Amino acid sequence: MSQLFPRKFLAFAAAFFLALSVWTIAPEAHAFNNPDLLPSTQTPIIDLAKALTDIEEESLAKNLKAFEAETGWKLRVLTQYDRTPGLAVKSYWGLDNKSVLLVADPRGGNLLNFNVGDSLYPLLPRTFWVELQTRYGNQFFVRDNGEDRAIIESLESIEGCLRQGGCRVVPGLPREQWVLTLITSVVGGVICGFAAQPRKPGQVVAWQWALIFSPLWGILFFAFGLGPVVTRTSDWLPVVRNVSGFAIGALVAFLTPVLGKSSSSSET
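Basis of the calculations
Residues numbered from 1 in each chain as written. Predicted model: local features only at pLDDT ≥ 70, side-chain atom pairs only at ≥ 80, totals over all residues. Heavy atoms only, no water. Buried < 20%, exposed > 50% of the residue type's maximum accessible area, 1.4 Å probe, protein only. Helix = DSSP H or I, 4+ residues; strand = E, 2+ residues; numbered from the N terminus. Pairing = 2+ DSSP bridges. Core = buried A, V, L, I, M, F, W, Y, C linked by side-chain atoms within 4.5 Å. UniProt positions renumbered as here; feature names shortened; annotations may be inferred. Polar contact = N/O pair within 3.5 Å; in protein donor to acceptor, adjacent residues only side chain to side chain. Phe/Tyr/Trp six-rings, centres within 6.5 Å; stacked < 30°, edge-to-face > 60°. Lys NZ or Arg CZ within 6 Å of the ring centre and 35° of its normal.

1. Regarding the pairing of strand S4 (residues 112–116)
Logical step 1: Of all the five residues making up S4, four are buried; the element is thus mostly covered by neighbouring parts of the structure.
Logical step 2: Pairing between strand S3 (residues 99–104) and S4: five bridges, direction antiparallel. Looking across to S4, one finds that Val103 is bridged to Asn113.

In structure tokens, the structure reads:
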């Protein structure tokens, strides 16, 4: 278990930066045009890869229809593996600027791809879709929770954000992401503590040096330590932990010279 978590954390970070640098939207879905694979009756879900159970598909289809009737936003799901209807889904579903097509295809390394209408970007920016793909489509989430949960939970995030008028980030704070914020908080505290060490006789705290280095430790603590937490969850526990990590890191770094001198004095 101790070896598995670092692998998850590294995979989460690598997947995020990879998705951020190269963001492709379901290239397989646009490679062919095979309308023969389309159902004869209209349905918001085409599950060619059988990623959903019959009960899940029925429940999700009802939910997507109700959501469209309520809000006007059209969410559609296509799962595929070795077969795809390709471009035929556009005319089948009448995809437009208010549509989101979720394509689930496990062959690309990340399960999820999104074809997003232009009208959604003012409410859900491109960084939102990158984070959504990275969080729910990565191989570890799919392995631990299944393809069905990856599809359903990503759609729930989209629906929740559209209902509240938009989101800049994906709601919720995965453990791997929180650990990253905790690490940056501690590092920020260490830098602040070292900068604040007294450098003159009789000086208690070198506030000037702490202020000089404030852009560095401030970005690490506030932008990367607290920012991702408060924008994704209302839970105060991770905030308290990150603040505590910053304070402990700063205190240890600040007291290092004092502890070193005490150790030297005791040895002599």
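2. Brief notes about the nonpolar core
Logical step 1: Of all hydrophobic cores here, the largest spans 35 residues; its most connected members are Phe114, Leu124, Phe128, Trp129, Ile151, Leu155 and Ile158.
Logical step 2: Residue assignment for this core shows that the elements contributing at least two residues are helix H2 (54–71), strand S2 (74–79), S3, S4, helix H4 (126–137), helix H5 (139–145) and helix H6 (147–163).
Logical step 3: No other element matches the seven residues that H6 contributes to this core.
Logical step 4: If you look at the next biggest cluster of nonpolar residues, it comprises twelve residues, including Ile46, Tyr92, Leu95 and Val103.

3. Some details on the UniProt feature "transmembrane region" (unreviewed entry) in the protein
Logical step 1: With numbering aligned to this structure, UniProt lists the feature "transmembrane region" (unreviewed entry) at residues 178–197, 209–231 and 243–260.
Logical step 2: The annotated region residues 178–197 carries 90% helix and 0% strand content, and the separation between its end C-alpha atoms amounts to 29 Å.
Logical step 3: Between the end C-alpha atoms of residues 209–231 there is a gap of 30 Å, over a span that is 91% helix and 0% strand.

4. A closer look at the side chain of Glu131
Logical step 1: Checked against the element boundaries, Glu131 lands in helix H4.
Logical step 2: By relative accessible area, Glu131 is classed as buried at 7%.
Logical step 3: A distance of 2.8 Å separates polar atoms of two side chains, one belonging to Glu131 and the other to Arg232.

5. Let's talk about the packing of aromatic side chains
Logical step 1: Summed over all chains, the structure comprises eight aromatic pairs.
Logical step 2: For the pair Tyr136 and Phe141, a centre-to-centre distance of 5.2 Å together with 80° between the ring planes defines the contact as edge-to-face.
Logical step 3: Classification of Tyr136 by relative accessible area gives buried; the value is 8%.
Logical step 4: Among the aromatic side chains, those forming a connected cluster through ring pairs are Trp217, Phe221, Phe222 and Phe246.
Logical step 5: For Lys98, the ring lying beneath its charged end belongs to Trp73, and the centroid distance is 4.8 Å.
Logical step 6: Above the plane of the ring of Tyr121 lies Arg126, whose end atom (NZ or CZ) is 4.4 Å from the centre.

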